[in-house]
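Here are the chains, one letter per residue:
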Amino acid sequence: MHLEELVARYGLAAVFLGSAVEGDFTLILAGVASHLGYFPFPLAFAAGAVGSFIGDLCWYALGRVRGPRFRAGRLYRRMGHRIERLAARLGAAELVASRFVYGTKAASMVFWGLHGMSLPRFAAVDGVGCVLGSLVFTGLGYLVSGSATILVGRVRRVQLWLLGALAVGVLLVVVINWTAKKELHIENGEEEAEETA
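Residues numbered from 1 in each chain as written. Predicted model: local features only at pLDDT ≥ 70, side-chain atom pairs only at ≥ 80, totals over all residues. Heavy atoms only, no water.

Student: Tell me about the pattern of salt bridges, and name the residues and values.
Tutor: Per the counting criterion, the structure on display carries 3 salt bridges. Here Asp 56 ties to Arg 99 by a salt bridge, and the two come within 2.5 Å at their closest N and O atoms. Here the residue Asp 56 occupies a position in helix α3 (residues 41–72), and Arg 99 occupies one in the loop between α5 (94–97) and α6 (105–114), the gap between them amounting to 43 residues. For the pair Asp 56 and Arg 99, one class covers both residues: buried. We classify Asp 56 as buried; its relative accessible area is 1%. (Salt bridge = Lys/Arg side-chain N within 4 Å of Asp/Glu carboxyl O. Helix = DSSP H or I, 4+ residues; strand = E, 2+ residues; numbered from the N terminus. Buried < 20%, exposed > 50% of the residue type's maximum accessible area, 1.4 Å probe, protein only.)

Student: Would you mind going over helix α2 (residues 24–35) in detail, with residue names and values included?
Tutor: Between its first and last C-alpha, α2 extends 17 Å over 12 residues, near the 16 Å set by a 1.5 Å rise per residue. Of all 12 residues that make up α2, 9 are buried, and the element is covered over most of its length. In the segment just after α2, Gly 37 is the residue with positive phi, at about 95 degrees. (Expected span 1.5 Å × (residues − 1).)

Student: Give me the packing of aromatic side chains: which residues, what numbers.
Tutor: Tallying each qualifying case throughout the model produces 4 aromatic pairs. With a centroid separation of 5.4 Å and 70 degrees between ring planes, the pair formed by Phe 41 and Tyr 142 is classed as edge-to-face. Highlighted residues: Phe 41 in helix α3 and Tyr 142 in helix α7 (residues 119–152), separated in sequence by 101 residues. Plain terms: the ring middles of Phe 100 and Phe 137 are 5.8 Å apart, the flat faces sit at 25 degrees to each other, and that makes the pair stacked. Of this pair, Phe 100 sits in the loop between α5 and α6 while Phe 137 sits in helix α7; the two residues are 37 residues apart in sequence, bridging distant segments of the chain. For Phe 100, a relative accessible area of 21% translates into the label partly exposed. Judged by its relative accessible area of 3%, Phe 137 is buried. (Phe/Tyr/Trp six-rings, centres within 6.5 Å; stacked < 30°, edge-to-face > 60°.)

Student: Residues and numbers for α6, please.
Tutor: By the criterion of burial, α6 is predominantly enclosed, with 9 of the 10 residues buried. Among all positions of α6, only Lys 105, Ala 107, Ser 108, Met 109, Val 110, Phe 111, Trp 112, Gly 113 and Leu 114 are buried. Immediately downstream of α6, the backbone of Gly 116 shows phi near 80 degrees, a positive value.

Student: Hey, could you go over the nonpolar core for me, with residue numbers and the actual values?
Tutor: Ile 83, Leu 95, Phe 111, Trp 112, Met 117, Phe 122 and Val 125 are the most contacted members of the largest nonpolar core, which totals 16 residues. When residues of this core are traced back to their parent elements, those giving at least two are α4 (74–90), α5, α6 and α7. Ranked by residues supplied to this core, first place goes to α6 with 5 residues. Contacts of Phe 122, omitting those with residues within four sequence positions, involve Asp 56, Leu 57, Tyr 60, Leu 95, Met 109, Trp 112, Met 117 and Gly 127. One finds Ala 33, Phe 39, Ala 44 and Ala 47 within the second-largest nonpolar core, a separate group that totals 6 residues. (Core = buried A, V, L, I, M, F, W, Y, C linked by side-chain atoms within 4.5 Å. Contact = heavy atoms within 4.5 Å.)

Structure follows, in structure tokens:
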């Protein structure tokens, strides 16, 4: 079965499940598929936001229930120090920012569950992040698809659109990740300067 047939057959269910499990790339693909007419953009955006929220709740719950075990795990050891610094600097807004810093989203949800953020507060802040993330990434896929239509013509080959969306998505993630690392590096330098003073 071709990708075009999968999108046509499972459409919004695939967007919902994909955004709950993976996130960004699924949302970009949802925007592309929406532009190609498989389903309306508002439904793609909504399915992506709700799916992201359900996935985040699962990670948060694991942090609440199995927090110490996750703290000792490889994912948290690798990303925990970055998340702790971002959380100290941004507070609860780190939940929103983690959506745009590659590799920190799941660990951030576990972090806030582990550190005892109340469920209502988590739901309110993460809900805003899910809406913004879905709007940005689904919109990006939609816009990239529209630009390609103007430049290339009315080509309906989904693989071509997905390749373009992937390239732009990867570029966006690399730029955001580089910016976040630069910010963290500057913060590390300031901490080291304070310690030596």
